[in-house]
Structure formats: structure tokens, C-alpha cells
Amino acid sequence: MKTRRDSVKSILLAMAFFMVTACQWWQAKPSTLVLRFYPFVGDSPLALSSGLYPNPGGEGSYSIRDFQFFISNLKFKGKEAEHRVPQSYHLARFDNQQGIYELAITLPGGQEFDLMELGIGVDPEANGTITVAGDLDPNGRMAWSWDVGYKFILLEGRLNQGDKLLPLVYHVGFDENYTTTAFSLPGDTDVLNLKVDIARLFTANTPVDLASLPTVKFDRADAARIGEGLNTMLSMCKDECAE
Amino acid sequence: MSKRQVVLLATAFAAVAVFSTLSFLLVNTAPQGKPLKNFTAPFVYGRFAIPPDNPLTEEGVELGRRLFYDPRLSSNNQVSCSTCHQQSLAFTDGLTGSVGVSGKPLAFNSMSLANLLWGPQFFFWNGRSDSLEQQALIPLQHPDEMGQDLDELVQELEQDTTYRQLFRIAYGGISAETIAKALASFQRTLVSANSRYDQFLRGEIQLTEQEEWGRKLFMAHPDTKASLRGGNCIDCHSQFLTSGFNTKFDGFINNGLDDEANLSPGLAEVTGNEAHRGVFKTPTLRNIAVTAPYMHDGRFQTLEQVLKHYNGGIKPSKTLSPLIAEADNLGNFSDGKISLNLREEEAQAIIAFLHTLTDETFLTDPRFSNPFSDKAK
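Residues numbered from 1 in each chain as written. Chains lettered and ligands numbered in written order. Predicted model: local features only at pLDDT ≥ 70, side-chain atom pairs only at ≥ 80, totals over all residues. Heavy atoms only, no water.

A word on the state of the cysteines
And then number 1: In total, this model carries one disulfide over all chains according to the counting rule given.
And then number 2: At a sulfur-sulfur separation of 1.9 Å, the disulfide partner of Cys237 of chain A is Cys241 of chain A.
And then number 3: Relative accessible area serves as the criterion here: at 9%, Cys237 of chain A is assigned to the buried category.
And then number 4: Cys81 of chain B carries a free sulfur, and the closest cysteine sulfur to it, the one in Cys84 of chain B, is 8.9 Å from it.
And then number 5: The class for Cys81 of chain B is buried, based on a relative accessible area of 14%.
And then number 6: Taking the relative accessible area as the measure of exposure, Cys84 of chain B reaches 15% and is therefore buried. (Disulfide = S-S within 2.5 Å. Buried < 20%, exposed > 50% of the residue type's maximum accessible area, 1.4 Å probe, protein only.)

Pasting the structure below:
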């Protein structure tokens, strides 16, 4: 026969079970982290087509008609946890109203992450295939052709030197220029601001005179010279780059 | 509660349940035809999206095909979509500017309708329409194209039993919106994927030596430093689809047809952006050998003339694509004259490759042909 004490016990048990489940559910609720990429050329915010920026290693100034690049393989690490974003190929582009690239990442709940790793460009494995994953599109503007792979960075514009207008084309790819970088994550934030400094592409070593290197495509040494700037192109910024 | 009350209550519950199920079914089984079977597309074409409110159905596509070939869609009942979009010409009309009900030639060349699910999802040469549904009703009403009043058209189609039935099954009724949906559905099925280039991509055939040379030139941006010669086509025409790129306005460029003083507004008419003056949609090159004349205004009669344009005929302007301005197989673009500087044999090889994009299956596919002609019946 059921005693009164048994009934109380089972009610308490049921309540405990309910609370544990609720906590687990609460903890496991995924969170969203928004990455905002703010494009700059040195200290000036990027203004597509209209902005004029000094030629880093020579005379004149240049404008940028288009700028896009691939971010890939986003990975979040904590003391005990690691989370790889699935199909993580994101084409950052800035030809929108706000002029920034925004990327929302869903992170699993109940875990703490203190490091974010990402690649700039396309990893060699994906670069050698025609797989459609994330923003990778073999028929897209960033694709060269299936035997060459993807452009990691696309920068097109013009150099003005007095009356002379020189077209600028920097299409930088190739496996050896794939770059990974990492940022420590400030605790408890749902928005991360990152500065994209395009000028770094031309100032990694000796500043490039755009007139003497107006195009970079398939010459591997030239591509590497621009590619060297990739590991310092991104940096964390608090609110100052969003102002 | 008496037994009688229980029975009454149960009956009431049952009635409510049946009623709500029925109304749920009525609301949620909006008229819809059978999903289209056997719709396939090559893997290399990549992703495509069909609007959720206009899924491809057997009936929708059949309707769209009838409408496409039906001259009753024009004010004088003499012009159909197929007047300017003829299957044997990859859905173009061979004219510099198309001619509709007014007899006045249009300023623009009729565009091929192939693989519309991919490439820029902005239609017309200046991209003024962002869906095929929206696009379909524009030439229908344009006074120089089909000049049709939409209300009159709905009334006219209501008189036709076949249309009434098909529209009822596919969309629940006839309206301007469902006419547009049907036309869009049919056009989405126009997939060209059996040219010699496709057969080559599938590993079924080999290209001739000249075609293969042309293919390589097509796929390469010239780079004198890397000793790479190229025709520079790939910078605008994607490698498999050969259309413009599909994201945003990436598939629109100024390819140097006119100088600064003579630039047409082009995409700028839609975006209001000065940098888009003289910028037009990059068309697919699928079946290009049968879609002369070329360019948005049909100014070139032959592929040789097109190659000549890129090989020395480029006119500079502020919005000219830097990829065209800078593409030069001799590497001396700074001397002011913009040219690919291709050799004659190279231009010929590219033309030979362009001919491998002709897809006889597409040009003769009975599913795309006139349903009113005797042969199709």
C-alpha cells in the first residue's frame, strides 16, 4: 500500500527531474554571435568607387571599385569544448547599404569559448574541388576555373596619377597564401567588431608602388607578396571602428 | 452527468473535430498540381532556388508552355512570347531589335532563355526585374511588345475550358498573378545541359584540338608575367554556366561598347549608382552560335565581330570594367589602346569553343516546343 511519505517522495522526485531537465534545456540553448567586419584603408573607412587612398609606395592615389574576400573554417575553442562552424565558407563583401560585412554564427549552448580561429582564403582541400559549400560557388565571381581554384581576395580599382588612369586588378589565390589567424574572445558578448585593413595588403614589407605592380593574378611571387598581408589584415576593434 | 449528456457532449466534440480537420484541409491544401517529375540539372551548375510560393508542378509548367506560345496574350492576338523567343534560336529571334504589336523595333535585342535558374537573378538587360514572375508581365503589357491589358486577358482566358481547368488545378483560378507564375514555371524548366561542352565535362567526349585550345583561352585571364595567354572570357562568363555571376549585380558589367559621352544608363537606371552607367547584364553563352546578333542592342552580327570588339575595339569610359581595361596578351595596356591582342588563330579557337556550347537537344526538345502545333499534338 502506498504511504503518504511515498507520494511526497515521488512528487519531489518528479519536481527534481523537471528542474534538471529545464536547466539542461536552458543551458543547451544555442546562442548567436554576430561578427561585424568594418573595411578600412589605413585609418580611412572604405568608400567603394568614391574614396581615394594614397599609393602606398609611389605617387598618386587609388580608388577601389570592388573588394571581396573569403573567410573560412571558423572554429571556436574553450577549455573543454571545440566547435567547428559547418560549411564555413563566407564571402565577405561590402557593397551594401551599411558598407560592412555581417556574419551571424550559432554557437552551441552550455559551453564557453575563449578563442576564435578562422582562415582567410579557401583551404587547399576545398580549393582543389568544385564542391558547393557555404558561399563557395564554382560559377561565382571568386572562381577562376576548376583547375586553378578560387580567388581568396578580389580587389579591383584604379590608380590616378595626374591625367593617367591605371586599372588595378588584384586577384590573389593559391594554396600557399591560405592564412589562418586567431582572436581571443572577450567573455559574454554577442557582437564582435573586426577591422579589415586593406592597406595591409600593400604594406606587409616594403610598401608596394601600385604603378609598378598594378595587377596580380597568376604570378606566384606577386601573389605571395600581397598574400603576406593577410595575417595582419584583420584585427579586433571595440567600438572605435564602428563610429 | 447522465449517459445522454455524455453522448451529446461526445458527439459535439466529434463534430468540432471533424469540422476543424476539414477546414484545416481546405485551407492547407490550396490548389496545387503534381510536383514536376524528372526535373534534373547538372551538378556543376550549383544551387538554385525556386520560390516557395510557386513550386514547379506538372500543371503549372504545362500551363506556362501554352501561355508562352499563345498569341492571345497580345492585344492583337498575333504576338506570343515565342514570337521573340523561338526555340530553334535558343529562344531569341535573330533580329537586332525585336518587333511586337506596334511594329516598332525595340532598342534591345531579345535575350536567350536558357538556364534561367542560375546566373543573375535580375532580369532584362538592365536588371530591372528581380524575379521571373515579375518579369513575365512587363513585355505582356508594354505597348511596343504585346500591348495586352491584363484584365482583358484574364477574361479572355476564362472563355477557354482548357485554361480554366489547368489554372484551377495549378493555382485555383486565373489572375494576372497566376499567369505570371505559370510563365515563370515553364521558363525555369528551360535547362540547356547537353552541348558538346557538357558532354566533355561529363567525360563522354573529347574536344578537338582547336576547341580545347579555345576552351583554355576562354578560361584564362591573360598574364604576361606568368606567360599565360587568355581570352579573358571567364572574368565575366562563369566556367560552367557561361553566364554572368549570380550574386547581387556581379553579373553586370560595362564591356566597353561605348565611350564616356555615349554611355547608356544601363544598370544605373535601376540602382541610381553613377558607377553603373553603361553596365549591362552578362548573358549566358550557351547556344551563342545560334543567337546572333549580339550585345544588348544587337550591334554585332557575327561572333567574329564580337571577338574583334574585345581585340582592339574597346571604348574607354569611367565605368569600363578594369578587368577588360587591363587584359592584354602583350602586357602593354598602358599605351592607351585597350586590346586583348589575341592572334587571329587564337580568336578562331575561342569561336570554335563557343560552337561547342550549342545544344541540339535543347533546341529541339519537344517539352519546350509549341503545344498548339500539329507536331506537338
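Next, the rest of the story.
Side note on the interface of chain A and chain B
And then number 1: Every contact between the two is made by 36 residues of chain A and, on the other side, 39 residues of chain B.
And then number 2: For the pair chain A and chain B, the summed buried area comes to about 2,900 Å², and 56% of that belongs to carbon and sulfur atoms.
And then number 3: Counting the surface chain A buries against chain B, the share from its top three residues, Asn139, Trp146 and Phe218 of chain A, is 23%.
And then number 4: Applying the counting rule to chain A against chain B returns five salt bridges.
And then number 5: Joining chain A to chain B, the criterion identifies 19 residue pairs in polar contact (both at pLDDT 80 or more).
And then number 6: Only strand 4 (61-77), strand 9 (143-145), strand 10 (149-161) and strand 11 (164-173) of chain A provide two or more residues apiece to the side of chain A that touches chain B.
And then number 7: Here the side of chain A that touches chain B takes five residues from strand 11 of chain A, the largest share from any one element. (Contact = heavy atoms within 4.5 Å. Buried area = accessible area lost by both parts, 1.4 Å probe. Salt bridge = Lys/Arg side-chain N within 4 Å of Asp/Glu carboxyl O. Polar contact = N/O pair within 3.5 Å; in protein donor to acceptor, adjacent residues only side chain to side chain. Helix = DSSP H or I, 4+ residues; strand = E, 2+ residues; numbered from the N terminus.)

Brief notes about helix 4 (residues 220-227) of chain A
Residue and element names in this part refer to chain A.
And then number 1: For helix 4, the full list of buried residues reads Asp222, Ala223, Ile226 and Gly227. The buried residues of helix 4 all sit within an arc of 135° when viewed along its axis, so they share a single face.
And then number 2: Looking at the buried positions of helix 4, the neighbouring elements they touch are strand 11, strand 12 (179-184), helix 3 (200-203), strand 14 (215-216) and helix 5 (230-233). (Arc of directions from axis to C-beta.)

Focus: the UniProt feature "domain: Copper-binding protein MbnP-like" (unreviewed entry) in chain A
And then number 1: Within this structure's numbering, the places UniProt gives as "domain: Copper-binding protein MbnP-like" (unreviewed entry) are residues 31-214 of chain A.
And then number 2: Secondary structure content for residues 31-214 of chain A is 4% helix and 50% strand, while the C-alpha to C-alpha distance between its ends is 44 Å. (UniProt positions renumbered as here; feature names shortened; annotations may be inferred.)

Comments concerning the packing of aromatic side chains
And then number 1: Inspection of the entire model under this criterion finds 29 aromatic pairs over all chains.
And then number 2: Taken together, Phe68, Tyr69, Phe91, Phe186, Phe362 and Phe368 of chain B form an aromatic cluster joined through their ring pairs.
And then number 3: Across from the ring centre of Phe40 of chain A, 5.1 Å away, lies the NZ or CZ of Lys195 of chain A, which sits over that ring.
And then number 4: The ring centre of Tyr163 of chain B lies 5.7 Å from the NZ or CZ of Arg66 of chain B, which sits over that ring. (Phe/Tyr/Trp six-rings, centres within 6.5 Å; stacked < 30°, edge-to-face > 60°. Lys NZ or Arg CZ within 6 Å of the ring centre and 35° of its normal.)

Some thoughts on the layout of surface pockets
And then number 1: Roughly 1,000 Å³ of internal volume is contained in the second largest pocket.
And then number 2: For the second largest pocket, the lining is made up of 43 residues, of which Ser49 and Arg65 of chain A together with Asn273, Ala275 and His276 of chain B are closest to its centre.
And then number 3: At the level of secondary structure, the elements contributing two or more residues to the lining of the second largest pocket comprise strand 4 and strand 10 of chain A together with strand 1 (252-253) and helix 12 (322-326) of chain B.
And then number 4: For the lining of the second largest pocket, the leading source of residues is strand 4 of chain A, giving four residues.
And then number 5: Grouping the amino acids of the lining of the second largest pocket by side-chain chemistry returns 15 nonpolar, 15 polar and 13 charged. (1 Å grid on protein atoms, 1.4 Å probe; cavity = no way out; pocket = protein on both sides within 12 Å on 5 of 7 lines; lining within 4 Å. Points joined across faces, edges and corners; volume = space filled by probe spheres on them. Nonpolar A, V, L, I, M, F, W, Y, C, P; charged D, E, K, R; others polar.)

A word on the UniProt feature "binding site: heme c 1" (unreviewed entry) in chain B
Residues and elements named next belong to chain B.
And then number 1: Those places that UniProt annotates as "binding site: heme c 1" (unreviewed entry) correspond, in this numbering, to Cys81, Cys84 and His85.
And then number 2: Relative to the helices and strands, Cys81 is located in helix 3 (residues 81-84).
And then number 3: Once residues within four sequence positions are removed from consideration, Cys81 is found in contact with Phe68, Met146 and Leu183.
And then number 4: Mapped onto the elements, Cys84 comes out in helix 3.
And then number 5: Each residue touching Cys84, except ones within four places of it in the same chain, is listed here: Phe91, Thr92, Asp93, Ser98, Val99 and Ser110.

Brief notes about the confidence of the model for chain B
Regions with low pLDDT should not have their predicted coordinates read in detail.
And then number 1: Per-chain confidence: chain B averages 91 in pLDDT, with 89% of residues scoring 70 or above.
And then number 2: In this model residues 22-28 of chain B is a low-confidence stretch, pLDDT under 50, and it forms zero contacts with partners more than four residues away in sequence or in other chains. (pLDDT = per-residue confidence, 0-100.)

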